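# Geometric and topological summary
These are the residues of each chain, in order.
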Amino acid sequence: MREDLGLFKIDHRFTENHTASLRLNAHRNTNTNTNDRITFLAQSVQPIQPSAATLSKTQSLGVQLNDNYVINSNLLNEFRASYTNAIPSSSEPIMPGAIIIRNGVSTEGNNTYSNVRLQNTQITDQMSLQLGKHSFKFGGEYTRQILHDVSYQAFGTYTFAGTGALINFRQQLGIADLRYGQSRFAGFFQDDWRLNSRLTLNLGLRYDYQSIIDDYDNFGPRVGFAYDLDGNGDTVIRGGAGRYFDQPFFHGFTQRYLLNAPNALTRQITLTPAQLAASGVAFPNSFDPRTPFSQFPASVQNLRRDLFLKGEDIRNPETIQFSIGIQRKLFGDFIVNADYIHNTSTGLLTAFNINAPVPVARAADSQIRSQTAADATRLFATYAGVPVRDVLISNNAGRASYDALSIGVNKRFGSRYTFAANYVFSEASDSVTDDHHGANPNDFSDVVRAERAPSDFNQRHRFVAYGTVNLPYDFEFSGIASIASGLRINPITGVDNNGDGRTVDRPLGFARNSFVGTAQKRFDASLSRSFGITENARFELRADVFNVFNNSNFYRFINNYYTNNGAALNPLFGQPVGGVSNVDPGRQIQFVARFVF
């Protein structure tokens, strides 16, 4: 890996009340082993060979202008404009070739090329006004993003069984050369109103607009308060509520519909050994992805496709948030606090399959309906003149909720010691959404009610403690300890029981995310010292050790509940999946030297 960073900044003072700054920054990163791509720990089923190595590149070049103007003693204006031209994602195989998957043995080869270039222009302006007991803030932000997205697969993928027999051949045909963009606008008004020495109100209103969403009434009111119960600061009650809107990441949101429309530039095909033989392609050859689709053999043109279409009147998901808490100062300068938080999210993006197979009632987990039998129950064979299997249409049917009780304590022991700790007891639940990992439901006939379960990121218990100690000779030691429940595990049978083409069917009697992985724990520590040079300059040395005890905090686990098509329980179920992309970083040591003037 190689990483280069560059930063240039100039500040200018026009007057005592008017200052500006201009900043230029550049970044470039190259990596030949992204996410542990070529190690034997990258997958739980078979290792990935060095022939699958990928050269990944990211780079950015940006400029930002800031202008701060104190108009008078009560009015301040802050203006910022920025432009960034970046490549957030670019990859190419080091050794291009057909991908060969030998189940239980290895994955070899790589042939996917992709390049994404993003241009981002942003203008913001905010004013702060002080009038008596009111502190007003108001302003707006405009963002324009333009993206050029190119991707293609030069060759196909051959998948073989452990016996050596060919299972299928897959390839993306065509070259995706996409250009799209979006505009965003936000405006806000906020009033911090100090009614008296004991009560302060926070009142606000925000409006958000995103051009790729059919939503124009995203007004989010907010209200909050802080009340000094005794008038001496020993007991303070705080609370608030508000309406907030989410904005889908426009790259994945837009790309999905462009690549899965009836007239898409690319098509993903899967051929059986018989279909592959009929096409005239033999191992290890592949199709030329630049060939017009009309020139492919009929056995390829007549394959059923999966479509993903944008539904009508798609809205921005919204969340209603409420919180109430109390903070109390106790003896010896101990400060304790307890807070309750509740979030309810509605309108989350999910998908409805208007051409799903008729649901099948399984008598046992080993029961399998063939894809041919499942396809025979679909409502229609073509859509917009295209042979189809699944026809997914996005909607706003998803829901989620979050409840948490947070209890904290902090204490300063003179000038040498500080200590703080916080414990959170929480529950997060949601239905399957179409924009996160593991989004495929057990059955597309019911993606909301039957899929409502603890969230993938749900952690029932989480405890964090922090402390600092001022040591002799001006050294300072600090440490952070974190302990949390494990993440959720979604049990699956590992085979396509219902014939819908997805191997995410769950064992009978189990709900989504019904198991919990191993607990997580981590300890970070640092030692630092500051050396005074002059009245306005100092030199700082710091050593940081992250994950001191090298704990393995996994967030992906083997979730196949059975082996041999449901004939036997999987003894590896619930075991962590190896690879650096599936676990938080191990022990890391960092040394920092800084000159401050």
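The text that follows walks through the structure, step by step, so that each part is easy to find. Given the structure is predicted, the values throughout are model-derived calculations rather than measurements.

With that settled, consider the overall build of the chain. Along its length, the chain carries 4 helices and 31 strands. The principal-axis extent of the C-alpha atoms belonging to the chain is close to 80 × 50 × 50 Å. Here the chain holds 597 residues, and 37% of them are scored as buried. For the chain, long-range pairs separated by at least 24 residues make up 67% of all intrachain contacts whose partners lie at least 6 apart in sequence. On the chain, roughly 31,700 Å² of surface is accessible, and the fraction owed to carbon and sulfur atoms is 57%. Charged side chains in the chain number 55 positive and 52 negative. The centres of these two groups are separated by 3 Å.

Taken across its 10 residues, helix α1 (residues 250-259) has 7 buried, putting it largely inside the fold. Three or more residues of α1 are buried, namely Phe-250, His-251, Phe-253, Thr-254, Arg-256, Tyr-257 and Leu-259.

What follows is about the sheet that holds strand β9 (residues 157-160). Reading across from one edge, β6-β5-β9-β10-β15 is the order of the 5 strands in this open sheet, with mixed pairing throughout. Here the strands that pair on one side only, and so sit at the sheet edges, are β6 (106-108) and β15 (267-271). Sheet twist, expressed as the mean angle between neighbouring strand axes with direction ignored, is 10°. With 4 bridges connecting them, β9 and strand β10 (residues 166-173) associate as antiparallel partners. Residue pairing for β10: Thr-159 is matched across the bridge by Asn-168.

Okay, the pattern of salt bridges next. Scanning the model with the defined rule gives 23 salt bridges in all. Of the charged contacts in the structure, one is a salt bridge between Arg-328 and Asp-230, with a shortest N-O distance of 3.4 Å. A residue pair is termed long-range when its members are at least 10 positions apart, and Arg-328 in strand β17 (residues 318-329) and Asp-230 in the loop between β13 (219-228) and β14 (235-245) qualify at 98 residues. For Arg-328, a relative accessible area of 34% gives the class partly exposed. For Asp-230, a relative accessible area of 44% translates into the label partly exposed. Two residues, Arg-290 and Asp-288, come together in a salt bridge whose shortest N-O distance is 3.1 Å. Note on Arg-290: relative accessible area 64%, which makes it exposed. Overall, the relative accessible area of 33% leaves Asp-288 in the partly exposed class. One network of salt bridges, with partners in common, ties together Asp-375, Arg-378, Arg-389, Asp-390 and Arg-502.

Attention now moves to the nonpolar core. Of all hydrophobic cores here, the largest spans 17 residues; its most connected members are Leu-147, Phe-250 and Phe-253. When residues of this core are traced back to their parent elements, those giving at least two are β7 (112-131), β11 (176-194), α1 and β18 (335-353).

Moving on, we get to the packing of aromatic side chains. On inspection of all chains with the given rule, the structure shows 23 aromatic pairs. Arranged with centres 5.0 Å apart and planes meeting at 5°, the rings of Tyr-113 and Tyr-152 form a pair that is stacked. Linking Tyr-113 in strand β7 with Tyr-152 in strand β8 (residues 134-153), this pair joins segments that are 39 residues apart in sequence. The exposure class assigned to Tyr-152 is partly exposed, which follows from its relative accessible area of 26%. Geometrically, the ring pair formed by Tyr-257 and Phe-308 is edge-to-face, given 5.9 Å between the ring centres and 65° between the ring planes. Taken together, the residues span a long stretch of sequence, with Tyr-257 in helix α1 and Phe-308 in strand β16 (residues 305-309) at a distance of 51 residues. By the burial criterion, Tyr-257 is buried, and Phe-308 matches it.

Moving on: the side chain of Arg-502. Inspection of the secondary structure assignment puts Arg-502 in the loop between β25 (488-489) and β26 (515-516). One polar contact links Arg-502 to Asp-390, side chain to side chain, over a distance of 2.5 Å.

What counts, and at which threshold
Residues numbered from 1 in each chain as written. Predicted model: local features only at pLDDT ≥ 70, side-chain atom pairs only at ≥ 80, totals over all residues. Heavy atoms only, no water. Helix = DSSP H or I, 4+ residues; strand = E, 2+ residues; numbered from the N terminus. Buried < 20%, exposed > 50% of the residue type's maximum accessible area, 1.4 Å probe, protein only. Contact = heavy atoms within 4.5 Å. Areas by Shrake-Rupley, 256 points an atom, 1.4 Å probe, with all protein chains shown as cover. Lys, Arg positive; Asp, Glu negative; His and termini not counted. Charge placed at Lys NZ, Arg CZ, Asp CG, Glu CD. Pairing = 2+ DSSP bridges. Axes fitted to C-alpha atoms, helices over the stretch in contact; angles between N-to-C directions. Salt bridge = Lys/Arg side-chain N within 4 Å of Asp/Glu carboxyl O. Core = buried A, V, L, I, M, F, W, Y, C linked by side-chain atoms within 4.5 Å. Phe/Tyr/Trp six-rings, centres within 6.5 Å; stacked < 30°, edge-to-face > 60°. Polar contact = N/O pair within 3.5 Å; in protein donor to acceptor, adjacent residues only side chain to side chain.

Treat this as a map of the structure, not an account of what it does.
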